[in-house]
Structures are given as structure tokens and as C-alpha cells.
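Spelled out, the chains give:
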There are 2 protein chains.
Amino acid sequence: MNDYRPPVDEQRFLLLDVLRTGEILPTLPAFTEADADLLTQVLEEAGKFVGKVVSPLQAVGDAPGCRFEDGRVTTPPGFADAYRAFWQAGWPSLACAPEDGGQGLPWVLEGVLYEMLSAANHGWTMAPGLLHGAYECLKHHGSEELKARYLPKVASGEWLATMCLTEPHAGSDLGLARTQAVPQADGSFRLRGTKIFISGGEHDLTDNIVHLVLAREPGAPAGPKGLSLFLAPKFLEDGTRNPIACERIEEKMGLHGSPTCVLRFDEAVAWRVGEPGRGLNAMFVMMNAARLHVALQGIGLLDAAWQKANAYAQERRQMRAPGALRGTGAADPIVRHPAVRRILDTERAWADGLRVLAYRTGIELDLARHHPDAQRRATAQQWCSLVTPVLKAVCTEQGFAGASRCLQVFGGHGYVKEWGIEQIVRDARVTMIYEGTNEIQAIDLLARKVLPDGGQGLLAVLDTLARDLDAQRDAALLARFDALRAITRELAAASAHDDTLPYEAADDYLRAVGLALLGWAWSAIERTPGAETARWTAPARAAQLRVLPEFELRLDILRTQCATTTPRRSAA
Amino acid sequence: MNDYRPPVDEQRFLLLDVLRTGEILPTLPAFTEADADLLTQVLEEAGKFVGKVVSPLQAVGDAPGCRFEDGRVTTPPGFADAYRAFWQAGWPSLACAPEDGGQGLPWVLEGVLYEMLSAANHGWTMAPGLLHGAYECLKHHGSEELKARYLPKVASGEWLATMCLTEPHAGSDLGLARTQAVPQADGSFRLRGTKIFISGGEHDLTDNIVHLVLAREPGAPAGPKGLSLFLAPKFLEDGTRNPIACERIEEKMGLHGSPTCVLRFDEAVAWRVGEPGRGLNAMFVMMNAARLHVALQGIGLLDAAWQKANAYAQERRQMRAPGALRGTGAADPIVRHPAVRRILDTERAWADGLRVLAYRTGIELDLARHHPDAQRRATAQQWCSLVTPVLKAVCTEQGFAGASRCLQVFGGHGYVKEWGIEQIVRDARVTMIYEGTNEIQAIDLLARKVLPDGGQGLLAVLDTLARDLDAQRDAALLARFDALRAITRELAAASAHDDTLPYEAADDYLRAVGLALLGWAWSAIERTPGAETARWTAPARAAQLRVLPEFELRLDILRTQCATTTPRRSAA
């Protein structure tokens, strides 16, 4: 039983009315037909597919989940059929280029599709979710020969793909990876080593699996610059099985619908993708898109939890509500109780605001790839580079924390499995970890992106957003922007004297940026015609009252850190 | 494998050095011998027992967990032996009165014991944890005949007990309970109805189980005033099985070591405990102690998670730490990385500060029961009444959220079961729900306890605490106390015009009170000789920098609510 309903009308409102996507995208030569009608039509079809095919498999994804026996992985009943239907309907190639057999639609549509899919069934969605990064890697770095053999099958989703990065001793620090790639006379390589945490490393969903593997050629330098990227398929072209053994699947807190594999490469046949020593670079091409995917998982999971909690709160009656909220019976639906209303409105404030930011970032991703003007592409690229780590961290934090708040609405019933809400909390927890932990996102933002140019890039993003704002209506938000500008300069100055400060301040800084952006998102919603209904005004009020004021808390912490750091160091 | 080590030295420091328990308790006639030596000795023995007997059973408590077949519950391997050892060593009766066969030691010691037990094995600890409320209920409300038959076995722990309150349609609102109690000619009753969420409702740990059951006599008024409390044993005195059937155990998110039962009472023989219609009152006698128990579970689980994360962070090497924190190898232990250090210091700031508050509340509970002076008993009772709901909510929130932060230290390894950290997160989640959800604690605090006397009781607690503070050293904290006094008065005034305001403001208010109290706790630690070492200064700095400033956020939200509520209502 899964009651998730893709919120197509609301997504459409945010995408088309608030963000005007149907006007922006058709100005690009690549998307002249992607107007409001087409976007709406695709969203509606996606919503139908997700609701009908993927959502009903949510519970079996948790139990029985995936099973492992003798090196083989059996996915939950129905998963393979659903994947076949997904592939055959052409959903994997929605945003792939027409020359690769794709439909050439904007990335932002793929993003919204994956928000729905993750909400409906996070475990199942992991499988196709990995295709898109592999497609980008291969497309941009693969040789013509490799592309001819693998790109169409990966683009269409006929074959699924993996990213084999982590090793037991090399997680956040991939530079420690030891897997060896030994060159052969015919130009191929033989891979030797063990990779862990490989999502979809083995399964029964497709006839073949295309593994992209980080490994080190003999004599390569230590550290990240010695890593190259290789492609190793589960089955070779002559049909023989490549020696890539799934040794076990992990027993995890959640996400039981996605097999997390330990893969042993035992002289596996492989070909290099891109230049030697440029393995991490080959992956950067898809990093923003992959992280934005994870951010949308967080939003989807939060919405799925919200929908469950809201449905329960409408039905469940306990105690009489206070004052004017009181009904006439012995007990009111708990949705009338302020304690429950507060949770529902606040989590919706997060979900809607984060949607606006994630969709906007999806649009910028499309602009960065397809805008004819190089300057506009660069601006869009800057947006993606700065905002993506913020969204990855904030959306996944809220996906977990917000799902847990929604669980609270159920009282004791939330803690038992039959309602399905606790599964969402467990499933959501991993999103804070994978694709770069949220702590690494924060370091990426502050230490690698904001400080190196003295904060100029971030200030430019704020300037762009401020143009939409009104000095009077948005006075509080503009003051937050000013405070963020000031603390950015202060951090840049203080970090010159203290090279650990950026690492100590990173999490609070990311959070402050996220809340400032969220303030912009809610301002954008509130000024859109159609947002005057209770559907939007209730979360808008919760955003202003309960969510956005955390900005001042983060600024306060950051100011204390800047003020105390220099004396502390110089005294040492 | 469970590596939890009861932190006896640190608990002793907080209990004896910071809170001077060894000087306070012996002034009471009931505890003349409970000096520092005796308290230390009991703590050390408790630590040994917990570490040796209970802690090793943590993993089996999760899997296989409890099994259910044909109405019987089998607890995990080793649970029954450990319980027998616990009972035979006299631990259940630590704080029971000597006249009931107990050891007559202070409640606060039992509290610390349960912190250790919950940290070591939350699931196992649920079984004896329920004894103490049953003991208090029976002792204060049972007839002499009932007490003669059941009190000694409950006090000693030879028989375990349950509290049967919840029904499918009656959770937070017990007044909706429908279970019937039909009087018999011999003065006994027959119970008919179904109770759910009964922890330890059926198991193989003891020869008998004593159920305390809320039910309604024929003709009793609707609502909470029609509820009486009844005692129904699993086995009657003649050895026959009372018709109380365990229909199933719940499949839960965690806490698999504790069977959560659906019990069907099918004309079960029972006796009333206390007066008719006073069932909820009979339970109030143990409510503060029971909620404080749950608060200590939160602290214990947080500490257990912290210990795991700290151990992992010392061993795991990834990347070089920044600046002066950098070591000499290719990768530093992650404990050197600020992102990890921040989590560890911040969670310790929570755990230590909350310990001080929980132990202090335990001492007040002892004073409320045993101080010869009625005025002092009343002050102590007021402390317990006001601070207990705050601690129940704040400690359990942090038990879950903090354990999740500690999981983050493990990266992907935290999400797989073998490290045991994800079990703590799952186990901890329930503490935010049971014994009154955290939202109900907030309503209890603000609407039922603070506002009815215009905030006078809370202001008196703050006055007492302020006496320990120094105008200069604690200036920031004293300003927070002032702000809390002002908002309390403001809420009292605004609530006179708006009877839903207390319910809307309750959660932020509870949180503000908790943070103010936590500030006092850290001030108490910091001024204690012995707290100058890094063990205490690192979390002290984290408390001041990262934890306590949330107070201003909550005040800001509360001020906005007070300022906007009256116009909003009068416009409606």
C-alpha cells in the first residue's frame, strides 16, 4: 500500500507560473518546442506512470527487498517488470540528446520526474538514477569506439550502469583508491581490486550492466591525480561473463530495494574512458546533475512523508482542538490541533521552497548546456556550481528530518511498519551521505568555491536574485542578503589568517546560504498570481515564522567564529 | 559486538562534583548513608554489570530480535539469562523502599543506572524499565490485599509488569478508551477489550507478568473521568492462565529487543487499583519518574552513539586535515577534521549538559519524596513538574537527532548494519513518541503548568538557578533568563485573548526553556574544579558557540507569535 500521489498541479505551478520555465526554455535553440503545453503534458504522463507502475512497489522494496544468493541478486517482485516498462516507454532517455536516441527534452523535466520517482519508490529509482551520470561520462569522454558499443544502450536504459568509486579504505577520500588497471597489448585493460557500496552492482533488471570504475594504471602517481576511469561491462560482446563478482550485498538501515554491492574485479576486461590520470575529471562532468538528483530525492521523500502524514491527520481523531479550532464531536481530527498543523505547514514550507530552488537550478543546468551566449552559459554554470552543493545538503537534511517530523504526526503508529512512514525515514537517511556527504558539500561550497574568488561569485548570484525583490515587500530578505554579503567578506578576510576557519565555518555558512535562497524562493512564490489560496499561504506563513529565522542563528554563529578565530590562532 | 563503556568517571564528576549529590542526599533521613563513597561504589558496580552482562546483547536485540509464534513471545538469545542475573543481583529494587524488600537508595541512582542500561541495550532495558511505575502505582493505590500478593514480586523484579493504556482509537487521548471492567460478586472484575502498543505484554523473561490496565466500569462517565485502573496477572494464584492473549507483536522501525504486543482481554480476572474513575490519577504518581526515565534513555542513546562515532573517528583515516591540524601521513584520522570534531564536540555538549539537568531533576525527585520540610518538598515537586516535560522532549529529540549526527561520522559505513550505529538511530526514534509525545510534553509545560499560574512557578525555578550565577561571568545566560521571564509574561498576557496561542507556541517555548536550563547546566560544569581539561572545555565551547544560541531563535519566533496573534484573531 502506497498512497503517494505525484503532485503534478503543484509542480506545474512552481515550474511554469513561479519560474516561467515555459517561457525561458523555448528561447534556447535546443528546446524551441518545450513550451508550457509540452512541459505540462510530460509532467502529467510522468505522474501517471509513477503513480500506476512505480508507487505500488514501495512496500515490497523494503520487505522482502533485494536478496543475494550465490553471487546473484534478485530484486523485489515486480521491480524488473516495472523497469522494463520504464525503459520501453522511453523515460530513461528523456533528456538524452536526439543523436544518441534520446528525446532531447530539458534536464529540468528529468529532475521533476526523479522527484516523483524517488517519492514513490526510492529503492527502485536508484537503478535508473545511475544511468544519467554514466551517459554524460561516456558521451563526453568515451572514445568513438566505446561510444558506438555502449552509449545507445545506456542512453535508452536497455542496460543499466554503475559508478564504482569507493573502496573499503577510500570513501570520501577517493585518492586512496588502489584498484589496479593493467594495460594489454590490444589497448584494453585488466582490472584488479575490490569496490564497495556499488548501487546496482548486480541485479536482474537488465541483460547487461555497464560499470564505470576508478582505477590506477601501473606507475601512476599516488593520490587523486593517479586515477583513471574505465568501463567494464558485466557481459562482453561475445556473451562471456566478465570476471566481476558480487561478493555480497550490504544489510542497510533502509533502501532495501536497491542492492548495495561489494564487487570484486578479478582481471576484468575494461577500456579506459578519457585520458590517463583524469578519472575524477571525467566524473566532474556529471557531478552537478548527480547532486541535484540527490537533492530532488530529498524533496521527493519529504513530500511522500508529508502526504502520508496529512492523510493520517485528516482521518485520525484524538482530543478536542483548542479554542476556535474546536469541532463538535468528542474528538477532533488531529489536523485541527496546532501541534500537528505546525508540522504539516512547516514541512510544506521546506518542500515548496526547496522545489523552487531545485527546479531553478535545473533550468540553469539547461542554460549552462544550451544557451547560445557564452556569457549566459557561464553565469548559469556559476549558479549550478554554487547552489548545487547547498541544495544537496539542505534538501537531504530536510528529507530526513522532515520525514521524521511527519512520522511524529502518527504517534506510536508511525513507529510500526504497516503505515510505511518509518520506511521513508530510513530510506532518506542515506541521501545525507552519498554523492558526497553533506559536510563535504559544505567544504565544497565555502572552501573550494566561495573563498577562492573572495566571494565574488556568490555575491553575483545574490545580486541576480535581488533584482526580483522589492525594497519594501522584501525588506527582511534584502537585509538577510546584506548580512550574507557581509559575513562572506568577513570570512574571506578572517580565513586569510586562519586556514582551518573555512572548515569550521562551512556547515553554518552553507545553511545560511540555503536559508537566504529559500527566502528568495518563498518571495517568488508569494508574488505569483494564484498563490493567494490557503494551499500556499499556510506554508508561506510557516516559512516566514518558523523556517527562515534560522538564518540569524547561523549568522550569529558565523560572526562569533570570525571574531574569535584570529586571536585564538595567534595565541597558539 | 557492542563497545559501549559506561562512562562512570564522567557521571560521577557530574553527579558528585558538579551537583554535590553526595552532600545533599545524606541530609535526608532516608539517605543518611548515601554519601559520595556509597554513590560511587554503586555506580561502579552498575557500570560493571551493564558492561559485562547487558551491553553484549545489543546486536541480538536488533536481529533476530523478539519472535512471535502461537501467542508466545521468544526474546533474543541471552535476554532471559541477563534478566535473571539482573533480578538476582537486586538491581530492580535499588530505589524501592526497604519495607518492600528494596534497597532504599535514592531515585537519582536508579536514573543513572537506567541511562547506562539504555545506552547499552535499549530493547532489553524496556522490560525492567516498566517495573518502577507499576511499583509506585501499586504501592500508593493498591489495597493491602493486592499489595500483599503482588508488591514484593514487582519490587524485586521477580515478576515483570506492563502498563496497558493505549487502544487502537485511543492513543494520546486515553479518554476514548473502551475496555470494559465488569464487577463480580467477589469484588473482582472481568476485563474485556483490546490494548495495543503494550511493551513486554508477553515474553519469556519471568514466570508471571503483572498487567496494569485502564478500563471503564459499566455506567462510568465518558472521557478520562470514567477510567479506572485494574491489575490483571498473566497467571492467577492457582496457576491457571488468565485469558489475556497476545495476538501479535508489532513490526517496528527499531527496538526489536522489546516485544510491543497487542493484548486481548477476554473476560480476564482483575482487581481495581485505587478508586473508581481515578485511573489516570493513579498513574500520575509515577509520571514524572517515568518521563525522566525516558529522558535518560535519550541521553544514554546519544552517549552510546557518541562513543561509537568517537572510536571510529580515531581510527578511520581520510584526507589530510587543514592547516595546523594536519598530520604527516597521506591521510589523517578523521577526528582531526573540523567537520567531524564539530559533530563530536556538539553532541557531547548536549549529552553532558542534559545529564546535569536530568541528574539534578532526579535529586529533586528524591527531595520531593523524602525531604522533612514540606516547603522544600513543594519546591522540589515544582521543579519536577516543570522541568520533567522539558527534559523528556529535549533529551529524546537529541537522542535521535544526535545519534543521526554521530552516524554521519561513519559516512557510508554508518548506513550499513554491521557498525551498529544505525540501530541506535532507529531505536532512539520511539522515545520521542512514547510516554507522551514530545508535542504533548510541550502542551503540558506551557498550557497546563506555566500559564495557569501566570508563569510564577517557572519564574521561581529561574530565580533559584540564577542564585548560582555570577553577574559578570554568566552575563549572557542571565540575559537569556531575563528574556525567558519577559516572554513568559508576554505569553500569559497574549493567551488571555487567544486560547489557541499556547498550543501554537508550546514547542518553541519548551525548547527555549530547555536551552536556558542547558546554559545553567554548562555554567555549573564550567565553574567546577576539574572541568579545566579538554574533556570538558571542548564541549563547553561547542555549547556556547553552537548549541545555546538557538535560544535567541526560539525567542524570536515566540515574540513574532505574541505580536501577531491578537490582530489575527480579532480580524477573524
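Residues numbered from 1 in each chain as written. Chains lettered and ligands numbered in written order. Predicted model: local features only at pLDDT ≥ 70, side-chain atom pairs only at ≥ 80, totals over all residues. Heavy atoms only, no water.

A few words now on the side chain of Ser-404 of chain A. Here Ser-404 of chain A is to be found in helix α13 (residues 374-409). You can call Ser-404 of chain A buried: its relative accessible area is 4%. Ser-404 of chain A has contacts with Val-425 of chain A together with Phe-400 and Arg-429 of chain B, leaving out every residue within four places of it along the chain. (Helix = DSSP H or I, 4+ residues; strand = E, 2+ residues; numbered from the N terminus. Buried < 20%, exposed > 50% of the residue type's maximum accessible area, 1.4 Å probe, protein only. Contact = heavy atoms within 4.5 Å.)

This next bit is on unusual backbone geometry. When glycine is set aside, most residues are seen to have a negative phi, and most peptide bonds are trans. Of note, the bond from Ala-63 of chain A into Pro-64 of chain A is cis; its omega dihedral lies within 30 degrees of zero at 10°. Position of Pro-64 of chain A among the secondary structure elements: in the loop between α4 (58-62) and β1 (67-69). Within the chain, Met-319 of chain A stands out as a residue other than glycine whose phi angle is a positive 55°. You can see Met-319 of chain A is positioned in the loop between α11 (287-315) and α12 (338-370). We note that Phe-197 of chain B has phi near 60°; this positive angle belongs to a residue other than glycine. Within the element layout of this structure, Phe-197 of chain B appears in strand β5 (residues 189-199).

Here we take up the confidence of the model for chain A. Caution is warranted with low-pLDDT regions, since their predicted coordinates should not be read in detail. Residues and elements named next belong to chain A. In this model, chain A carries a mean pLDDT of 96, and residues with pLDDT of at least 70 account for 98%. Taken as a whole, residues 567-572 scores under 50 in pLDDT and shows 6 contacts with residues more than four places along the chain or in a different chain. Across the predicted assembly, pTM comes out at 0.97 and ipTM at 0.97. (pLDDT = per-residue confidence, 0-100.)

All names here are of chain A. Under the domain assignment, chain A is made up of domain 1 (8-141), domain 2 (160-278) and domain 3 (286-566). Computed from C-alpha atoms alone, the centre-to-centre distance between domain 2 and domain 3 is 35 Å. Taken together, the contacts link 6 residues of domain 2 with 8 residues of domain 3. Carbon and sulfur atoms supply 71% of the area buried between domain 2 and domain 3, which totals about 560 Å² over both sides. Three residues stand out in domain 2 for area buried against domain 3, namely Ser-172, Met-253 and Leu-255, and they jointly supply 74% of the buried area on that side. For the interface between domain 2 and domain 3, the tally reads 0 salt bridges. At the boundary of domain 2 and domain 3, one finds 2 residue pairs in polar contact (both at pLDDT 80 or more). A class-by-class count of the residues in the side of domain 2 that touches domain 3 yields 3 nonpolar, 3 polar and no charged. (Domains from an automatic or database assignment. Buried area = accessible area lost by both parts, 1.4 Å probe. Salt bridge = Lys/Arg side-chain N within 4 Å of Asp/Glu carboxyl O. Polar contact = N/O pair within 3.5 Å; in protein donor to acceptor, adjacent residues only side chain to side chain. Nonpolar A, V, L, I, M, F, W, Y, C, P; charged D, E, K, R; others polar.)

It is a general feature of regular strands that their side chains alternate between the two faces of the sheet. Residues and elements named next belong to chain B. Within strand β7 (residues 227-233), 7 of the 7 residues are buried, which leaves it mostly tucked inside the rest of the structure. Both faces of β7 are covered, namely the face carrying Leu-227, Leu-229, Leu-231 and Pro-233 and the face carrying Ser-228, Phe-230 and Ala-232. Judged from the 7 bridges that link them, strand β6 (residues 209-216) and β7 form a sheet pairing that is antiparallel. Within β7, the residue paired with Val-213 across the bridge is Phe-230. The pairing of β7 with strand β9 (residues 260-273) spans 3 bridges and is antiparallel. For Leu-229, the partnering residue across the bridge sits in β9 and is Val-273. (Pairing = 2+ DSSP bridges.)

Per the UniProt record, "domain: Acyl-CoA oxidase/dehydrogenase middle" (unreviewed entry) is annotated on residues 163-267 of chain A. For residues 163-267 of chain A, the end-to-end C-alpha separation is 18 Å, with 0% helix and 44% strand making up the annotated structure. (UniProt positions renumbered as here; feature names shortened; annotations may be inferred.)

With that settled, consider the relation of the copies chain A and chain B. You can overlay chain A on chain B at an RMSD of 0.0 Å; the transform is a turn of 180° with a shift of 0.0 Å along its axis. What the rotation and shift describe, once combined, is the action of a two-fold rotation axis. Residue Leu-553 of chain A, judged by its C-alpha, is the member of chain A lying nearest the rotation axis, at 3.1 Å. Interface overlap between copies is the fraction of interface residues in one copy that are interface residues in the other; for chain A against chain B it reaches 100%, indicating a shared surface. (Least-squares fit on C-alpha atoms with pLDDT ≥ 70 in both.)

Residue and element names in this part refer to chain A. Looking at the element boundaries, Leu-39 is found in helix α3 (residues 36-54). Classification of Leu-39 by relative accessible area gives buried; the value is 1%. For the pair Leu-39 and Gln-88, spaced 49 residues apart in the sequence, the C-alpha separation amounts to 20 Å. Beyond its immediate sequence surroundings of up to four residues, Leu-39 is in contact with Leu-16, Thr-21, Gly-22, Ala-34 and Leu-109.

This brings us to the packing of aromatic side chains. Residues and elements named next belong to chain A. Overall, the coordinates contain 25 aromatic pairs over all chains when judged by the stated rule. Centroid distance Tyr-83 to Phe-86: 6.2 Å. Interplanar angle 45°. Geometry classified as tilted. Taken together, the residues Tyr-83 and Phe-86, both in helix α5 (residues 79-88) and 3 residues apart, mark about one turn of the helix. Under the relative-accessibility criterion, Tyr-83 is labelled buried at 0%. Ring plane angle 50° and centroid distance 6.0 Å describe the contact between Tyr-150 and Trp-159, whose orientation is recorded as tilted. (Phe/Tyr/Trp six-rings, centres within 6.5 Å; stacked < 30°, edge-to-face > 60°.)

So, about the packing of α12 of chain A against helix α19 (residues 501-526) of chain A. Residue and element names in this part refer to chain A. For the pair α12 and α19, the least separation of the axes is 9 Å and the interaxial angle reads 90°. Here α19 runs roughly perpendicular to α12, going by the angle between their axes. Here α12 contributes Arg-348, Ala-349, Trp-350, Asp-352, Gly-353, Leu-354, Val-356, Leu-357 and Arg-360 to the contact with α19, which in turn contributes Arg-511, Leu-515, Leu-517, Leu-518, Trp-520, Ala-521, Trp-522 and Ile-525. Residue composition of the contact of α12 with α19, by class: 12 nonpolar, 1 polar and 4 charged. (Axes fitted to C-alpha atoms, helices over the stretch in contact; angles between N-to-C directions. Parallel < 35°, antiparallel > 145°, perpendicular 65-115°, else oblique.)

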